[in-house]
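Now for the letters of each chain:
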Amino acid sequence: MKPLITAAAAITLLISCSNTNAVTTPTATAAATAAVDELQLPAVPPTLVTPADRAAYIVAHFWDNMDFADTIRSHDANFIEQTFANYASLFPLVDADTTLTPAAAALMKRAEADREAYNLLAETADKYLYDPNSPMLNEAAYIPFLRAITGSTFIDSALRARYEAQLADATKNLPGTIAANFTIALRDGSTTSLHRLCSGARAVLLMFYDPDCDNCAHLISQMKSDPALSAAVASGKVRILAVYPDGEADLFASGAGKIPTEWTDGMSPDGEIIESELYSIRATPTLYLLDGSAMVVIKDADAATAVATALDM
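Model, not experiment: these values are computed from the prediction.

Caption draft 1: The overall build of the protein chain, seen in detail. A count of helices and strands for the protein chain gives 15 helices and 7 strands. Taking all 313 residues of the protein chain together, the buried fraction comes to 46%. Pairs at least 24 apart in sequence give 66% of the contacts found in the protein chain among residues at least 6 apart. Carbon and sulfur atoms provide 53% of the accessible area of the protein chain, an area that totals close to 14,400 Å².

Caption draft 2: Inspection of the pairing of strand β5 (residues 264-267) at higher detail. Alignment of strand β1 (residues 183-186) against β5, held across 2 bridges, turns out to be antiparallel. Each bridged residue has a counterpart across the sheet, and for Ala-185 the counterpart in β5 is Met-267. As judged from the 4 bridges shared by strand β4 (residues 238-244) and β5, these two strands associate in the parallel manner. Residue pairing in the sheet places Leu-241 in a bridge with Thr-264 of β5.

Caption draft 3: Region of interest: the sheet that holds strand β7 (residues 296-298). Judged by pairing direction, the sheet is mixed, and its 7 strands sit side by side in the order β2-β1-β5-β4-β3-β6-β7 without closing on themselves. Each edge of the open sheet carries a strand with a single partner, namely β2 (191-193) and β7. Taken pair by pair, the neighbouring strands of this sheet meet at an average axis angle of 35°, ignoring direction. Bridge analysis of strand β3 (residues 203-208) against strand β6 (residues 286-291) gives 6 bridges, and the strand direction is antiparallel. Bridging across to β6, Phe-208 finds its partner in Thr-286.

Caption draft 4: Spotlight on the nonpolar core. Counting 49 residues, the largest nonpolar core has Trp-63, Phe-68, Phe-84, Tyr-87, Phe-91, Leu-121 and Phe-145 as the members making the most contacts within it. Tallying contributions element by element places helix α7 (residues 115-129) first for this core, with 8 residues. Those residues within four positions of Leu-121 in sequence are excluded, and the remaining contacts are Trp-63, Phe-68, Ile-80, Phe-84, Leu-107, Met-108 and Ala-111. The next biggest cluster of nonpolar side chains, apart from the first, holds 30 residues, and it includes Tyr-209, Leu-229, Val-233 and Ala-301.

Caption draft 5: Main features of unusual backbone geometry. Backbone torsion omega between Thr-284 and Pro-285 reads 0°, so that peptide bond is classified as cis. Its place among the elements puts Pro-285 in the loop between α14 (272-275) and β6. Despite not being glycine, Asn-173 has its phi angle at roughly 50°, a positive value. For Asn-173, the position within the fold is in the loop between α9 (157-170) and β1. Looking at Asn-173, the relative accessible area reads 8%, which means it is buried. One non-glycine residue, Ala-294, adopts positive backbone phi at about 70°.

Caption draft 6: Geometry of the side chain of Lys-299. Tracing the chain through its elements places Lys-299 in the loop between β7 and α15 (303-312). Judged by its relative accessible area of 12%, Lys-299 falls in the buried class. A distance of 2.8 Å separates a polar atom in the side chain of Lys-299 from a polar atom in the side chain of Glu-139. A distance of 2.9 Å separates a polar atom in the side chain of Lys-299 from the backbone oxygen of Ala-170. Aside from chain neighbours lying at most four places away, what touches Lys-299 is Glu-139, Asp-169, Ala-170, Thr-171, Lys-172, Asn-173, Leu-174, Pro-175, Leu-287 and Tyr-288.

Caption draft 7: Expanded view of the pattern of salt bridges. Evaluation of the coordinates by the stated rule reveals 8 salt bridges. Among the salt bridges present, the one from Arg-115 reaches Asp-156, with a minimum N-O distance of 2.9 Å. With a gap of 41 residues between them, Arg-115 in helix α7 and Asp-156 in the loop between α8 (139-150) and α9 connect regions that are remote in the sequence. Its relative accessible area of 37% is what places Arg-115 among the partly exposed residues. For Asp-156, a relative accessible area of 22% puts it in the partly exposed group. The shortest N-O distance in the salt bridge between Glu-139 and Lys-299 comes to 2.8 Å.

Caption draft 8: Examining helix α5 (residues 77-88) more closely. The terminal C-alpha atoms of α5, which comprises 12 residues, lie 16 Å apart, in line with the 16 Å expected from a rise of 1.5 Å per residue. Burial analysis of α5 places 10 of its 12 residues in the buried class, which makes it a mostly covered element. Along α5, the residues that are buried comprise Phe-79, Ile-80, Glu-81, Gln-82, Thr-83, Phe-84, Ala-85, Asn-86, Tyr-87 and Ala-88. Close packing links the buried residues of α5 with α3 (51-61), α4 (71-74), α6 (96-110), α7 and α8. A distance of 3.0 Å separates the backbone nitrogen of Asn-78 from a side-chain oxygen at the start of α5, and that oxygen is part of Asp-76.

Rules used throughout
Residues numbered from 1 in each chain as written. Predicted model: local features only at pLDDT ≥ 70, side-chain atom pairs only at ≥ 80, totals over all residues. Heavy atoms only, no water. Helix = DSSP H or I, 4+ residues; strand = E, 2+ residues; numbered from the N terminus. Buried < 20%, exposed > 50% of the residue type's maximum accessible area, 1.4 Å probe, protein only. Contact = heavy atoms within 4.5 Å. Areas by Shrake-Rupley, 256 points an atom, 1.4 Å probe, with all protein chains shown as cover. Pairing = 2+ DSSP bridges. Axes fitted to C-alpha atoms, helices over the stretch in contact; angles between N-to-C directions. Core = buried A, V, L, I, M, F, W, Y, C linked by side-chain atoms within 4.5 Å. Polar contact = N/O pair within 3.5 Å; in protein donor to acceptor, adjacent residues only side chain to side chain. Salt bridge = Lys/Arg side-chain N within 4 Å of Asp/Glu carboxyl O. Expected span 1.5 Å × (residues − 1).

Any link to function would need more than the numbers given here.
Next up, the structure:
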């Protein structure tokens, strides 16, 4: 479901201070509004004039007018999803630690008014922020929700293991941390390691791929045909490591020639990456951007963002 308040529209509303009494849905969305009920949004104090302060206030108070004991609304999947999509469109404007963490904790606490409503809200956060196919995928924003959910005794015991596993995965190899090291078996039979291959580089694009994956083939072709990226690889400014993580030697052998010769093509011997759960790889391809010290710059990145950032490093 698309947000009624897109991130761009939200920025416009936040920057515009001509009407500081309330933030409302743009009139252009009237047709969509007729189909799905809307939650009344909070009035923004006129003393808050900067976009950052206004965004932080709205995220903190977005759900103030929601009564989760009102099961007509709180059990309505369409209403909850549409409202959450509007809410999530604001996340790129705020700091996850200082603003979103307390906001997520407060929201999940409010949802404890009804168990079905709580579970629906948790599932919606999962769907919008953690599903690899979601256009609003935002693992950093999902972590505060996971911490709130797993830190509460309210969640169904049957569901707790699911969210605890997601939290463990989501907090692996976070930006600003050193990426977990692993052995890489190269096509010539030699072995090396992630950290060794990163050493001395400005930027390293680490792609976990599968030789039989059509999406992987498409991304490989797209990156190979990027002249700026190819020039950066040729000059040594950017290194690209393509790693097959599952460790099936026959499948890896069948993929010979699919990776450009200018890149490093290898596999995880015996599937160490998967067996030891070193990385969260929920779909292939999965792309990380690292620096020369193997520090994670971007985790599970979209290709355009990762490549543009790598070229700027």
